[in-house]
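The chain contents come next:
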Amino acid sequence: MDPSGSSSEGPGGKPPTRPQKPGPWPPRIEPFFANKDHNPWELMSWARRTGFNPNHSGETASVVSDREAADEQTPARGLDLERGIRRRGDGVPRKPEIEPVAGRGRTNRGVEIGPMVPGPGAGPAARNEKEKRKVGVEPPVVGLKDERREAGEETPLRIKSDGPEGNGHGNGAAAISLAKADEDSRKEAGKDEREVEIDFFSDGQEPEDLSGYKPPSGFRAGVTENPGLVPLIFYGIQHYLSLAGSLVFIPLIMVPTMGGTDEETATVISTMLLVSGITTIMHSYFGSRLPLVQGSSFVYLAPALVIINSEEFRNLSENKFKHIMRELQGAILVGSVFQAVLGYSGLMSLLLRLINPVVVAPTVAVVGLAFFSYGFPQAGSCVEISIPLILLVLIFTLYLRRISLFGNRIFLIYAVPLSVAIVWAYAFFLTAGGAYNYKGCSSNIPSSNILSDRCRRHEITMKRCRTDVSNAWRAAAWVRVPYPFQWGFPTFHFRTSLIMVIVSLVASVDSVGTYHATSLLVNLSPPTPGVVSRGIGLEGFASILAGLWGTGTGSTTITENIHTIDVTRVASRKALEFGASLLILFSFVGKIGALLASIPLALAASVLCFTWALIVALGLSTLQYTQTASSRNIIIVGFTLFISFSIPAYFQQYEPNSSLILPSYLVPYGAASNGPVHTSSEGFNFALNGLLSLNMVVALLVAFILDNTVPGSRQERGVYIWSDSNRLDTDSSSLEPYSLPAKVRRCFWWAKWVGL
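Residues numbered from 1 in each chain as written. Predicted model: local features only at pLDDT ≥ 70, side-chain atom pairs only at ≥ 80, totals over all residues. Heavy atoms only, no water.

1. Concerning the environment of S555
Part 1: Relative to the helices and strands, S555 is located in strand β6 (residues 555–557).
Part 2: According to the relative accessible area criterion, S555 is buried, its value standing at 2%.
Part 3: Along the primary structure S555 and L545 are separated by ten residues, whereas in three dimensions their C-alpha atoms are 8.3 Å apart.
Part 4: When sequence neighbours within four positions are dropped, the list of residues in contact with S555 reads T279, Q294, G295, Y300, E539, A542, S543 and A546. (Helix = DSSP H or I, 4+ residues; strand = E, 2+ residues; numbered from the N terminus. Buried < 20%, exposed > 50% of the residue type's maximum accessible area, 1.4 Å probe, protein only. Contact = heavy atoms within 4.5 Å.)

This is the structure we're talking about:
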């Protein structure tokens, strides 16, 4: 009889049946997807893509507080740029806290998963479980649905952790042992503690070895793989052909604007090929070690046009090209030294805490959008070849993208080179057939010497459409080796150097986004802050080489790499290194640069319309790592995009004070000398007017301030996983592809950014 007076016996005087225990708490959560012969890496990839963090995903308060207490008890190690990478000798790495549980999604297994919560009187075993949670190992509890449940017994099972010799992922062929659910009942039954082995792969599938890096499904070659000699040659050439528009078309815009000749255009193209090949190999060995091509970036094109159109260079007639090139070289050298110090000093790892997808997305998108005033206005000067080229590129990349030949999607991969070759041949036949012959007019006569009004009307058509206008092929030598200071010794001025220092920050933010997107694409863990710092530092050193050789722009990671790796399904570093070696050899053949310099300007502008649009899309795709439906993010990105065009438009409305009328497509870059900022320092006026007339600089400034001052959760902001000290995956095997070669690591043992 209990105190309430009710009988404690059941009907018939029999002891009452034991009440059924309530279900596990928190409630059991269904799996993310139907788990049938799944690859355990998929869930980890999903977590990396979505920025899933156990600290904000339903974890119990007790577990969070335990981890925080353990973190507080951990002694500080100082500034470690490679945080998250286990160095040899540091002991066992902390296991991922959110891991796929093999077999959980399968039906008819009789397995239930729930947390094990020690009661108030828990003994040493419970305390051991608590200690395990402190280091991030939380073995889930499995309860069998068998006859024991019908008898009212709950027999929890505990999954054994892998230990130091395990695969480090907590899944695979898990050994499951019975834990004591009720010690008293076991003693009464006289049963000893038993172990029960459950095969999660009983349907014949062998557990997958997750000890090393594996490329994603569908890829022909992973980052560390060597596909063999013949595929290596094919993949290397293929990768650079798909990037042809980004590698060689910048000089076709810059050099004529600088007053350069066709021969000088060919020389600059050859120099860019040489620097791109050297810096790509360097980045593959000493940088981030991701399969990324380095080269002249469109990030540097807009500030270069601002310097080119400064008032002191507008009316130069003698050696104008060399004067401007030496000015650009000096500014690039100063900006690249700043970028190298930013990376190698470790400051970049601190800055990464403030650089999130909401900052990267509008900044990169605006890099492409900023050239809208140049794209079709230049291409439209010869619609006979520009419209067919744009249509061909769209047809190849969209409508024919699934057509495969010998296992290669040739139209998608080679869309740009195929379109250029077809339309260039078409333009050649138009020229040879007399489509651009006008009686009494010659395309070789300088514009200032054309007296006939009729010929003046056709001047632009002849220069932009004809394939025989360029003298580069006739003037270029067969063999010419680009060398440092080939345009003369660089000149240094405060105003241009300040512009390039700020632009190097924009280039670094662009590269941060590219590193992150590429790592997820090739199934790698996101690079740690130390790896990012190392990559940014090397990009600064690469820009120093570009400044010494005189390419006119800095060298950085080309954003279009992401698209190229995605469509080619090749991420092999060896293939990129082979292709880079070919670029170096091609740079010594002067006729190759001359051939590329002979591409009609309208044709080049048409290709750039597609390339710039691709940069816009790749930039905005970074928002996939955020909560895109969040009103916070919508307002920040939308306002940033709008204001990044509106503020520069205000500065660009100030007309240049020059007798030389600038072409309409160059007017946006002439505000530096005549903007509204007026202080006692003319150099500071030029720099500030020039910077605020650049769309990408305004976008970076506005997005950076808003994202870091407006409150928002980490998932909402899309905080990069490498800036989180509690990343999902800190296993050294998944970070091994980032580590430097052993010999290099020994030479730089004193530096924390060298890697594993």
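Still to come is the rest of the account.
2. Let's talk about the nonpolar core
Part 1: Counting residues in hydrophobic clusters, the biggest one holds 112 residues, and the most contacted among them are F298, L301, I385, L603, W612 and M696.
Part 2: Sequence-distant contacts of F298, defined by excluding residues within four places in its chain, comprise G245, S246, I250, V367, F371, E560, L608, T611, W612 and I615.
Part 3: Formed by eight residues, the second largest nonpolar core is a distinct cluster that contains V275, M282, W549 and I584. (Core = buried A, V, L, I, M, F, W, Y, C linked by side-chain atoms within 4.5 Å.)

3. Side note on the side chain of E560
Part 1: Mapped onto the elements of the fold, E560 is located in the loop between β6 and α23 (561–568).
Part 2: Side chain to side chain, E560 and S246 meet in a polar contact 2.4 Å long.
Part 3: Residues contacting E560, with those up to four places away along its chain left out, are L243, S246, F298, T611, L614, I615 and L618. (Polar contact = N/O pair within 3.5 Å; in protein donor to acceptor, adjacent residues only side chain to side chain.)

4. Re the pattern of salt bridges
Part 1: Counted under the stated rule, the structure contains five salt bridges.
Part 2: Ionic pairing is found between D468 and R466, a salt bridge with its closest N-O pair at 2.9 Å.
Part 3: Residue class for D468 comes out partly exposed when judged on its relative accessible area of 36%.
Part 4: With its nearest N and O atoms 3.4 Å apart, the salt bridge here joins R717 to D707. One end of the pair, R717, is in helix α30 (residues 714–717); the other, D707, is in helix α29 (residues 695–709), with ten residues separating them in the sequence. D707 carries the same exposure label as R717, and that label is buried. (Salt bridge = Lys/Arg side-chain N within 4 Å of Asp/Glu carboxyl O.)

5. Some remarks on the packing of helix α21 (residues 494–521) against helix α28 (residues 682–692)
Part 1: Look at α21 against α28: their axes get within 8 Å of each other, and the N-to-C directions meet at 30°. By the angle class used here, α21 and α28 are roughly parallel. Our pair here, α21 against α28, has a crossing hand that is right-handed. Between α21, through F494, R495, T496, L498, I499 and I502, and α28, the contact on the second element is made entirely by G683, F684, F686, A687 and L691.
Part 2: Considered class by class, the residues forming the contact of α21 with α28 number eight nonpolar, two polar and one charged. (Axes fitted to C-alpha atoms, helices over the stretch in contact; angles between N-to-C directions. Parallel < 35°, antiparallel > 145°, perpendicular 65-115°, else oblique. Left-handed = near helix turned anticlockwise from the far one by under 90°. Nonpolar A, V, L, I, M, F, W, Y, C, P; charged D, E, K, R; others polar.)

6. Some remarks on unusual backbone geometry
Part 1: In this structure, R289 takes a positive phi of about 70° despite not being glycine.
Part 2: Within the fold, R289 resides in the loop between α9 (262–286) and β5 (294–296).
Part 3: What makes R289 buried here is its relative accessible area of 11%.
Part 4: Backbone geometry at R569 places phi at a positive 60°, although glycine is not the residue there.
Part 5: Residue placement: R569 occurs in the loop between α23 and α24 (573–587).
Part 6: Residue classification places R569 among the partly exposed positions, given a relative accessible area of 22%.

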